[in-house]
Amino acid sequence: MDTIASIFSFITTPVSWVIVQFHSVYGAIFGPDTGWAWGLSIVSLVILIRICLIPLFVKQIKATRAMQTLQPEMKKIQERYKNDKQRQSEEMMKLYKETGTNPLSSCLPILAQSPFFFALYHVLNGIASGDKIGVINAELLESARKAHIFGAPLASKFMDSSSKVEALGASITDVRVITAIMIVLMSASQFYTQRQLMLKNVDTTVKTPFMQQQKMLMYVFPVMFAFFGINFPVGVLVYWLTTNMWTMGQQMYVIRNNPTPGSKAQAAHLERLQKHVTQHGRTRSRGERAIVKAIVAKGRDRNEFERKFINGLNKAGLAAQPDGTVTKGVNPELAETEDGTPAATAKRQQPKRQSKSQRQSGARSAGGSEPETPTTSLIKSDEPDDAKPAGGAAKQAASKPASGTRSKAQSGQRKGPQRPKSPSKK
């Protein structure tokens, strides 16, 4: 612990100073030695830190979505160079460089919080052991040791002995009940946050190993919080529970208003937007215009939810414009079917198939003169056989193929030209 304290000593003093400033405010309201004053000071510290980390959170969202977009390409590289790990790593780094993606960006908020977490842990551990940390003097140290949150001292832990807890003016039962409840709430909030991300804000059209990793983390993180939580002081549990609740609320806001393309959250978001635009007949805010503009600009690359949104506007007699506005009228160029085919092309019907007699009559009219009657004609001659000229018999004999076929009709067959057999019959 001394090594960790020395590493994060540069931030221990600022953290203790912030806690003391908040304590001076809440102490004037609730009393300086109450758990409300010290507990709300820790909660306010969390809120201040998370507000400062909002730019990193936005960067984390962009990095996560970029990683989801690159998953198909990454899978192709893994399959192509599965026997050459070095070449696989080189191609991965090349892909990251070309797309401007950094896999570590998704971990920035957690990494940025780590120094504050260890600094607060060291401050609270110093309070439990009676050591002055940072700007916390002897008077503030004594006040913090007297502070109880629902009967549990601020610096007590689940694994503390009865004698140590009694020295802080509490019972071991109260400490373990309160810490157990806080650990369960902390793990449950982490699980719900990750589950919400997996069920609502993941592109369901792309099945990648990234989704399996996220699903695994959904179960691993709560177990880790429960395992390490039994060794955290109550004040640290307050800090971590507050930051989990902040993350859950922040993620709910992002999923509702800026969902991942192709996710269930996007389907619900576009459905709400369609009802709103249809009701008012126009886009009313800059955010709505930005969404409509982005969907129109995608063209044939729209997903099924975006195509459904455009078609819904067309059915309502509205047309989305490239600048993000919506006007009255229907734009058939934007309407698409579920598979991305333009609706105008999909409605085009094939010409009806003509019969054989219609095709023959069309060929005669195109040629300008009626062709000679073939030997396979079905038209019977009105003249008797003996009235036909001899030249006609010679002509018929010459027109017969020299394939050795019999010239005389078999018994039971009609004399003269026969109907040709259908190609489908043997």
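Here goes a summary of the coordinates provided. Just so we're clear, the structure is a prediction, and the values are computed from it rather than from any experiment.

Helices and strands together make up the secondary structure of the chain, namely 17 helices and 4 strands. Within the chain, the proportion of its 426 residues that are buried is 36%. Within the chain, contacts between residues separated by at least 24 positions form 65% of all contacts whose residues are at least 6 apart in sequence. As presented, the chain carries roughly 26,700 Å² of accessible surface, and 58% of it is formed by carbon and sulfur atoms.

Residues W38, L45, L120, I127, I136 and Y239 are the most contacted members of the largest nonpolar core, which totals 45 residues. Contributions of two or more residues to this core are made by α2 (9-30), α3 (35-52), α6 (108-129), α7 (138-146), α9 (172-200) and α11 (234-257). Here the element with the most residues in this core is α6; it accounts for 8 residues. Residues in contact with Y239, not counting those within four places in the same chain, are I42, V46, I49, Q113, F116, F117 and L120.

With that settled, the discussion passes to the pattern of salt bridges. Scanning all chains against the criterion turns up 4 salt bridges. One salt bridge connects R87 with E91, and the closest N-O pair in it is separated by 3.0 Å. You can see R87 and its partner E91 sitting in helix α5 (residues 85-99), 4 residues apart, about one turn around the helix. On the accessibility criterion, R87 (34% relative accessible area) is partly exposed. The residue E306 makes a salt bridge to K298 at a minimum N-O spacing of 2.6 Å. You can call E306 buried: its relative accessible area is 2%. Residue classification places K298 among the partly exposed positions, given a relative accessible area of 31%.

Applying the stated criterion to the full structure yields 1 cavity of 30 Å³ or more. If you go around the largest cavity, the residues you meet are I19, W38, I42, L120, V123, L124, I127 and L154. Of all the elements in the fold, those that place two or more residues in the lining of the largest cavity are α3 and α6. It is α6 that contributes the most residues to the lining of the largest cavity, 4 residues altogether.

Moving on, we get to the packing of helix α12 (residues 264-280) against helix α13 (residues 286-298). Two elements in contact, α12 and α13, have axes separated by 12 Å at closest approach and are oriented at 110°. By the angle class used here, α12 and α13 are roughly perpendicular. Here α12 runs over α13; the crossing is left-handed. When α12 is examined against α13, the residues H269, L270, L273 and H276 are found in contact with a partner set consisting of E288, I291 and I295. Its residues assigned to classes, the contact of α12 with α13 shows 4 nonpolar, 2 polar and 1 charged.

Positive phi values are uncommon outside glycine, yet F150 reaches one of about 55°. Residue position: F150 is located in the loop between β1 (148-149) and β2 (152-153).

What follows is about the side chain of S187. Mapped onto the elements, S187 comes out in helix α9. In contact with S187, other than residues within four places in its own chain, are P222, F225 and A226.

As for its placement among the helices and strands, R65 is situated in helix α4 (residues 54-80). Residues R65 and T260, spaced 195 residues apart in sequence, show a C-alpha to C-alpha distance of 7.0 Å.

Let us look at the packing of aromatic side chains. For the coordinates displayed, the defined rule picks out 5 aromatic pairs. Centroid distance F225 to W240: 5.5 Å. Interplanar angle 45°. Geometry classified as tilted. With F225 in helix α10 (residues 209-229) and W240 in helix α11, this pair connects stretches of sequence that are 15 residues apart. On the accessibility criterion, W240 (16% relative accessible area) is buried. Arranged with centres 5.2 Å apart and planes meeting at 80°, the rings of F227 and F228 form a pair that is edge-to-face. A relative accessible area of 43% places F228 in the partly exposed class. An aromatic cluster is present here, built from F225, Y239 and W240 joined pairwise through their rings. Lying over the aromatic face of F158, R176 brings its terminal NZ or CZ to 5.6 Å of the ring centre.

With that out of the way, let us pick up α13. The end-to-end C-alpha distance of α13 is 19 Å, a good match for the 18 Å that 13 residues give at a rise of 1.5 Å each. Within the span of α13, buried status applies to E288, V292, I295 and V296. Projection of α13 onto a plane perpendicular to its axis shows the buried side chains occupying an angular sector of 100°, all on one side. In α13, the exposed positions that point more than 90 degrees away from the buried face belong to R286 and A297. On its buried face, α13 sits against α12, α14 (304-315) and β3 (318-320). Phi for G299, located one or two positions after α13, is positive at around 65°.

Another point: a positive patch on the surface. A contiguous patch of positive charge, built from R282, R284, R286 and R289, is present on the exposed surface. Mapped onto the elements, R284 comes out in the loop between α12 and α13.

So, how was this worked out
Residues numbered from 1 in each chain as written. Predicted model: local features only at pLDDT ≥ 70, side-chain atom pairs only at ≥ 80, totals over all residues. Heavy atoms only, no water. Helix = DSSP H or I, 4+ residues; strand = E, 2+ residues; numbered from the N terminus. Buried < 20%, exposed > 50% of the residue type's maximum accessible area, 1.4 Å probe, protein only. Contact = heavy atoms within 4.5 Å. Areas by Shrake-Rupley, 256 points an atom, 1.4 Å probe, with all protein chains shown as cover. Core = buried A, V, L, I, M, F, W, Y, C linked by side-chain atoms within 4.5 Å. Salt bridge = Lys/Arg side-chain N within 4 Å of Asp/Glu carboxyl O. 1 Å grid on protein atoms, 1.4 Å probe; cavity = no way out; pocket = protein on both sides within 12 Å on 5 of 7 lines; lining within 4 Å. Points joined across faces, edges and corners; volume = space filled by probe spheres on them. Axes fitted to C-alpha atoms, helices over the stretch in contact; angles between N-to-C directions. Parallel < 35°, antiparallel > 145°, perpendicular 65-115°, else oblique. Left-handed = near helix turned anticlockwise from the far one by under 90°. Nonpolar A, V, L, I, M, F, W, Y, C, P; charged D, E, K, R; others polar. Phe/Tyr/Trp six-rings, centres within 6.5 Å; stacked < 30°, edge-to-face > 60°. Lys NZ or Arg CZ within 6 Å of the ring centre and 35° of its normal. Expected span 1.5 Å × (residues − 1). Arc of directions from axis to C-beta. Patch = residues over 30% accessible without salt bridge, like charges linked within 9 Å, V, L, I, M, F, W, Y side chains within 5 Å. Lys, Arg positive; Asp, Glu negative; His and termini not counted. Charge placed at Lys NZ, Arg CZ, Asp CG, Glu CD.

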